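Observations on chain architecture
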Amino acid sequence: MVEIAMLVIMATLLVAMIVLYRRGRGEPKYPATPERGSVHVTGVSPRPDAEGEQFVTITGNLAGPSVPDQVVYGRFVWDVNSWPAIGEEIPVVYPAGKPDRWQIAR
């Protein structure tokens, strides 16, 4: 009885490993092609007195090829010596159709 149970467990594990192996291979079904746009900064957190890199929260209007104008915000690590300012245009990238997932274009 124990031998049959061990055989069933081993067969189940083998099938699971084969399924996981096959799932990880090949091209992704929906490749994300990033779009480039810009964020016009309308709000920024105050510059801290500390030195080096600090967290900044940016609010702005994102505009890109498929997004005419959408209000977005995000929190980033930023060098205090080049702190963003209201009115600045920041180049960004985001997945097509998902402007809420924007990132700073480096």
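Refer to the structure above for everything that follows.
Throughout what follows, the structure given in this document is the object of discussion.

The rules behind the values
- Residues numbered from 1 in each chain as written.
- Predicted model: local features only at pLDDT ≥ 70, side-chain atom pairs only at ≥ 80, totals over all residues.
- Heavy atoms only, no water.
- Helix = DSSP H or I, 4+ residues; strand = E, 2+ residues; numbered from the N terminus.
- Rg over C-alpha atoms; globule rule 2.2 N^0.38 Å.
- Buried < 20%, exposed > 50% of the residue type's maximum accessible area, 1.4 Å probe, protein only.
- Areas by Shrake-Rupley, 256 points an atom, 1.4 Å probe, with all protein chains shown as cover.
- Lys, Arg positive; Asp, Glu negative; His and termini not counted.
- Charge placed at Lys NZ, Arg CZ, Asp CG, Glu CD.
- Expected span 1.5 Å × (residues − 1).
- Pairing = 2+ DSSP bridges.
- Patch = residues over 30% accessible without salt bridge, like charges linked within 9 Å, V, L, I, M, F, W, Y side chains within 5 Å.
- Salt bridge = Lys/Arg side-chain N within 4 Å of Asp/Glu carboxyl O.
- Core = buried A, V, L, I, M, F, W, Y, C linked by side-chain atoms within 4.5 Å.
- Contact = heavy atoms within 4.5 Å.

**A look at the overall build of the protein**
In terms of regular secondary structure, the protein is built from one helix and five strands. For the protein, the α and β elements follow one another from N to C terminus as α-β-β-β-β-β. Against the globule reference of 13 Å for 106 residues, the protein gives a C-alpha radius of gyration of 23 Å, more extended than a compact globule. Seen through its C-alpha atoms, the protein measures out along the principal axes to roughly 75 × 35 × 20 Å. For the protein, the residues scored as buried account for 23% of the 106 residues in total. Per element, the accessible surface of the protein, about 8,200 Å² overall, is 61% carbon and sulfur. Averaged over its 10 positive side-chain charges, the protein has a centre that lies 13 Å from the centre of its 11 negative ones.

**Some details on helix α1 (residues 2-23)**
Between its first and last C-alpha atoms α1 spans 32 Å; for 22 residues at 1.5 Å apiece the expected length is 32 Å, and the two agree. In terms of residue burial, α1 counts as a barely covered element, since only zero of its 22 residues are buried.

**Concerning the sheet that holds strand β4 (residues 89-95)**
Read from one edge of the open sheet, five strands run β3-β2-β1-β4-β5, paired in antiparallel fashion. In this open sheet, the two strands that pair with only one neighbour each are β3 (70-79) and β5 (103-104). When β4 meets β5, the two strands line up antiparallel, connected through two bridges. The partner of V93 across the bridge, within β5, is Q103.

**Thoughts on a nonpolar patch on the surface**
Taken together, V2, M6, I9 and L13 make up a surface patch of nonpolar side chains, about 410 Å² in accessible area. If you trace the backbone, M6 turns up in helix α1.

**Topic: the nonpolar core**
Counting 16 residues, the largest nonpolar core has L62, W78 and W102 as its most contacted members. Of all the secondary-structure elements, those providing two or more residues to this core are β1 (34-44), β2 (53-63), β3 and β4. Residues contacting W102, with those up to four places away along its chain left out, are V39, I58, L62, V72, Y73, G74, F76, V92, V93 and Y94.

**Observations concerning the environment of L20**
Among the secondary structure elements, L20 is positioned in helix α1. Measuring from C-alpha to C-alpha, the distance between L20 and I86 comes to 48 Å, with 66 residues separating the pair along the chain.

**Some remarks on the pairing of β1**
Across seven bridges, β1 lies against β4 in antiparallel orientation. The partner of P34 across the bridge, within β4, is P95. Two elements, β1 and β2, share six bridges in a ladder whose sense is antiparallel. Looking at β2, one finds that V41 is bridged to G60.

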